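Coordinate analysis (summary)
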Amino acid sequence: MKLLVTGGCGFIGSNFIRYWLSHHPDDHVTNLDALTYAGNPENLIDYKEDARYRLVKGDICDRDIVFDLMKDCDAVIHFAAESHVDRSVLDASAFVRTNVRGTVTLLDAAKEYQRRFHHVSTDEVFGHLKKDDPPFNESTPYAPRSPYSASKAASDHFVRAYYQTHGVAVTISNCSNNYGPYIFPEKLIPLFITNLLEGKKVPVYGDGAQVRDWLYVEDHCRGIESILLKGRIGETYCLGGKDSEVTNLALTKMLIRLLGKDESSIEFVKDRPGHDFRYSIDYTKAKKELGWEPAVSLEDGLRMTIEWFKAHADWVARCKSGEYREYYAKNYEGKIA
Ligand code: NAD
Ligand code: TYD
């Protein structure tokens, strides 16, 4: 197969390309990535000379590039997005552009050339849960609450509409919070690991009682593979972690323990506006239909992620320079006491 992967220089996309080329050695991957702050070609530097891999620097809103690349592929796996809730709180315009307009541009091209289209989405489109609510599943109504999740919800609706209206062969996955190698150090787990490794404090929003479900990125890549190979066209699949639902505070304490630090590293800071309380995923459908389930426990996944970060200090230093510093100053300004 010839795959067109969008956003393959980001966290999950780069893990997916690595996973795909090692499990499907005869396939070819073209990676269309605009190389925003979150896109780092270094994530796939070891594939630079590999004839099976090609990076095209370009924007998914650019019809000429998108139509050109679509013509030449069998299937699209669409990761490219603005992906960070905190950035969407600061400014939503890039989220509308990339997540909505970019997705529609790709769908137009998939429609033109009748290509298989897998859309990578998030459980955040379902809104949030109370402590004892049942987990999200494929029939949970959409109720996004952040500018990020609103833009992803819009993109999901377009994907379904192109299936219903134009017969494009789509599938969608809605997954929980991912973590693992190459995760950009602005999300909770990598930020806290790198801050703790640097002897800094970790900023827990509010009282840390919010709950997230954590999916190890390799489990996610395997889930997308199952959907591409076995998923039913027009269907959505929810993918979640292995017994990995924890409060932010409990997760923070786990990281502190695994890194041999103490709880004086915790700094409670001003809460995120509109902070979603809890996400939780029921992945029964993926298990029954695709035989997929997550394999990596939270403790094992965190250990592997910590080891990866310890071995990639230079990568972290490069991520945490330049634009990142400006973002960090802006996002945490006035939050940290
Ligand atoms: P990321 O921010 O690490 O990477 C996004 C990639 O998209 C970057 O390489 C960036 O350069 C590229 N990109 C951004 N705008 C682009 C544009 N206009 N044209 C082309 N490329 C562009 O994101 P991620 O964490 O790897 O997430 C990948 C996908 O998975 C996203 O669609 C996200 O919504 C979804 N998702 C992520 C998580 C998570 O926990 N990270 C959870 C659920 C769903
Ligand atoms: P994040 O990794 O940004 O993912 P999302 O907002 O998509 O769930 O945040 C995970 C949780 O951690 C979320 O409840 C917000 C919280 N959080 C903090 O407490 N402090 C931080 O510095 C960050 C980045 C997140």
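The structure we're discussing is the one just above.
Quantities reported herein were computed from a predicted structural model and do not represent experimental measurements.

**Structural notes on unusual backbone geometry**
- The phi torsion at Gln114 lies on the positive side, around 55°, for a residue other than glycine.
- You will see that Tyr182, though not glycine, has its phi angle at about 70°, which is positive.
- Secondary-structure assignment places Tyr182 in the loop between strand 7 (177-179) and helix 6 (188-197).

**Some points on helix 8 (residues 248-258)**
- Of all the 11 residues making up helix 8, eight are buried; the element is thus mostly covered by neighbouring parts of the structure.
- Against the buried residues of helix 8 lie helix 6, strand 8 (202-205), strand 9 (211-216), strand 11 (245-247), strand 12 (266-269) and helix 10 (298-311).
- Directly after helix 8, the chain includes Gly260, whose backbone phi takes a positive value near 65°.

**Observations concerning the site of ligand 2**
- Glu124, Pro203, Arg272, His275 and Tyr332 are the nearest of the 19 residues found near ligand 2.
- Taking Glu124, its side chain carries an N or O atom lying 2.6 Å from an oxygen atom of ligand 2.
- At a separation of 2.8 Å, an oxygen atom of ligand 2 approaches a polar backbone atom of Tyr205.
- Taken by itself ligand 2 offers 510 Å² of open surface, and the protein chains cover 98% of this.
- Elements with a minimum of two residues in the shell around ligand 2: helix 3 (85-90), helix 6 and strand 8.

**Some thoughts on the site of ligand 1**
- Ligand 1 sits among 29 residues. The nearest are Ile12, Asp33, Ser83, Tyr148 and Lys152.
- Within the contact set of ligand 1, an oxygen atom lies 2.5 Å away from a side-chain nitrogen or oxygen of Asp33.
- Val120 has a polar backbone atom sitting 3.5 Å from an oxygen atom of ligand 1.
- Mapped onto the shell around ligand 1, the elements with two or more residues apiece are helix 1 (11-23), strand 5 (116-122), helix 5 (147-166) and strand 7.
- Top element by residues in the shell around ligand 1 is strand 5. It accounts for three residues.

**Some thoughts on empty space enclosed by the protein**
- Within this structure, the stated rule accounts for two cavities of 30 Å³ or more.
- Roughly 50 Å³ of internal volume is contained in the largest cavity.
- Val85, Glu124, Ser146, Arg212, Arg272, Pro273, Gly274, His275, Asp276 and Tyr279 together form the lining of the largest cavity.
- Split by residue class, the lining of the largest cavity holds three nonpolar, three polar and four charged.
- The calculated volume of the second largest cavity comes to roughly 30 Å³.
- Taken together, Cys9, Gly10, Phe11, Ala38, Asn40, Asn43, Tyr182, Phe184 and Trp315 make up the full set of residues lining the second largest cavity.

**Structural notes on the pattern of salt bridges**
- This model, assessed by the stated rule, comprises 23 salt bridges.
- The closest approach of N and O atoms between Glu42 and Arg318, which form a salt bridge, is 2.4 Å. Within this pair, whereas Glu42 is found in the loop between strand 2 (28-33) and strand 3 (53-57), its partner Arg318 is found in helix 11 (residues 313-319), the two being separated by 276 residues in sequence.
- Judged by its relative accessible area of 27%, Glu42 is partly exposed.
- A salt bridge links Glu186 to Arg87, with the shortest nitrogen-to-oxygen separation between them at 2.8 Å. Here Glu186, found in the loop between strand 7 and helix 6, pairs with Arg87, found in helix 3; they are 99 residues apart in sequence, far enough to count as distant. With respect to class, Glu186 is no different from Arg87; both count as buried.
- What emerges from the salt-bridge pattern is a single network uniting Arg232, Glu235, Lys285 and Glu289.

Thresholds, definitions, all that
- Residues numbered from 1 in each chain as written.
- Chains lettered and ligands numbered in written order.
- Predicted model: local features only at pLDDT ≥ 70, side-chain atom pairs only at ≥ 80, totals over all residues.
- Heavy atoms only, no water.
- Helix = DSSP H or I, 4+ residues; strand = E, 2+ residues; numbered from the N terminus.
- Buried < 20%, exposed > 50% of the residue type's maximum accessible area, 1.4 Å probe, protein only.
- Contact = heavy atoms within 4.5 Å.
- Near = heavy atom within 4 Å.
- Polar contact = N/O pair within 3.5 Å; in protein donor to acceptor, adjacent residues only side chain to side chain.
- Areas by Shrake-Rupley, 256 points an atom, 1.4 Å probe, with all protein chains shown as cover.
- 1 Å grid on protein atoms, 1.4 Å probe; cavity = no way out; pocket = protein on both sides within 12 Å on 5 of 7 lines; lining within 4 Å.
- Points joined across faces, edges and corners; volume = space filled by probe spheres on them.
- Nonpolar A, V, L, I, M, F, W, Y, C, P; charged D, E, K, R; others polar.
- Salt bridge = Lys/Arg side-chain N within 4 Å of Asp/Glu carboxyl O.

Note that every value here comes from positions in space, so none of it alone points to a role or purpose.
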